[in-house]
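Architecture and fold: a report
Chain by chain, the residues run as shown.
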Amino acid sequence: EPEVTQTPSHQVTQMGQEVILRCVPISNHLYFYWYRQILGQKVEFLVSFYNNEISEKSEIFDDQFSVERPDGSNFTLKIRSTKLEDSAMYFCASTTGQGRDTQYFGPGTRLTVL
Amino acid sequence: AQTVTQSQPEMSVQEAETVTLSCTYDTSESDYYLFWYKQPPSRQMILVIRQEAYKQQNATENRFSVNFQKAAKSFSLKISDSQLGDAAMYFCAYLGSSYKLIFGSGTRLLVRP
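**With respect to the interface of chain B and chain A**
Chain B puts 24 residues into the contact, and the matching count from chain A is 20 residues. Buried surface at the junction of chain B and chain A, both sides included, amounts to about 2000 Å², of which 52% is carbon and sulfur. When the buried surface of chain B facing chain A is broken down by residue, Arg43(B), Tyr99(B) and Phe103(B) rank first, second and third, together holding 34% of it. The tally of links between chain B and chain A comes to two salt bridges. With a closest N to O distance of 3.9 Å, Arg50(B) and Asp101(A) form a salt bridge. Along the contact surface separating chain B from chain A lie eight residue pairs in polar contact (both at pLDDT 80 or more). Taken together, the elements giving at least two residues each to the side of chain B that touches chain A come down to β5 (33-39), β6 (46-52), β10 (88-95) and β11 (101-103) of chain B. A total of four residues in the side of chain B that touches chain A trace back to one element, the largest contributor, which is β5(B). In the side of chain B that touches chain A, the residues fall into twelve nonpolar, eight polar and four charged.

**Quick notes on the pattern of salt bridges**
Scanning the entire structure with this criterion turns up seven salt bridges over all chains. Note that Asp26(B) is salt-bridged to Lys73(B), the shortest N-O span being 3.7 Å. Here the residue Asp26(B) occupies a position in strand β4 (residues 24-26), and Lys73(B) occupies one in the loop between β8 (64-69) and β9 (74-79), the gap between them amounting to 47 residues. Residue classification places Asp26(B) among the partly exposed residues on the basis of a relative accessible area of 40%. In the salt-bridge network here, residues are joined through shared partners; they are Asp101(A), Arg50(B), Glu52(B) and Lys55(B).

Rules behind the numbers
Residues numbered from 1 in each chain as written. Chains lettered and ligands numbered in written order. Predicted model: local features only at pLDDT ≥ 70, side-chain atom pairs only at ≥ 80, totals over all residues. Heavy atoms only, no water. Contact = heavy atoms within 4.5 Å. Buried area = accessible area lost by both parts, 1.4 Å probe. Salt bridge = Lys/Arg side-chain N within 4 Å of Asp/Glu carboxyl O. Polar contact = N/O pair within 3.5 Å; in protein donor to acceptor, adjacent residues only side chain to side chain. Helix = DSSP H or I, 4+ residues; strand = E, 2+ residues; numbered from the N terminus. Nonpolar A, V, L, I, M, F, W, Y, C, P; charged D, E, K, R; others polar. Buried < 20%, exposed > 50% of the residue type's maximum accessible area, 1.4 Å probe, protein only.

And the structure:
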């Protein structure tokens, strides 16, 4: 069964450093998402992406965040200058885009900012 | 703005028994979807069940079923014949016209052997 994959599973970085989180959505899916979950808290929407542009972004998704689909398979989230409060689990999700289809989640990347 | 509320931070159930997790939501939309996701200790988000608001029939998926009360804006999850592997965080989620999932705060389910 096709699945969303994410790399790395765990990323440790120093405050102020740039990180890139990678996702490979399910191959025939058209909508892509990033969500964030700070430890012990609810999952929060960051951004949605369709047709090579951002569809919607949350207040959390400020100028230090960016997303890109550099090729036909990868979908990346870049954090330019990490802060301590960026420490969280980051989930990528994808959907076919046919109406309100189910969003399938990747296993997540745990980001730790020191 | 839509909100999702899970009022039970933690629930406990005896193995093989039945447990119901509660979820309420607030929306002015008439067309939306509701989901239950399971998050085991690995923290992966796994889809458990999905309900379309326009369908009156409650969704079922093996041991998992929902009680969807649209007028009351209630969407509870019933787990029958609970198994040790069911122990996890369970998140209720809403998907409306914005196409982004809005999650509740989660319910931790403990399964006693």
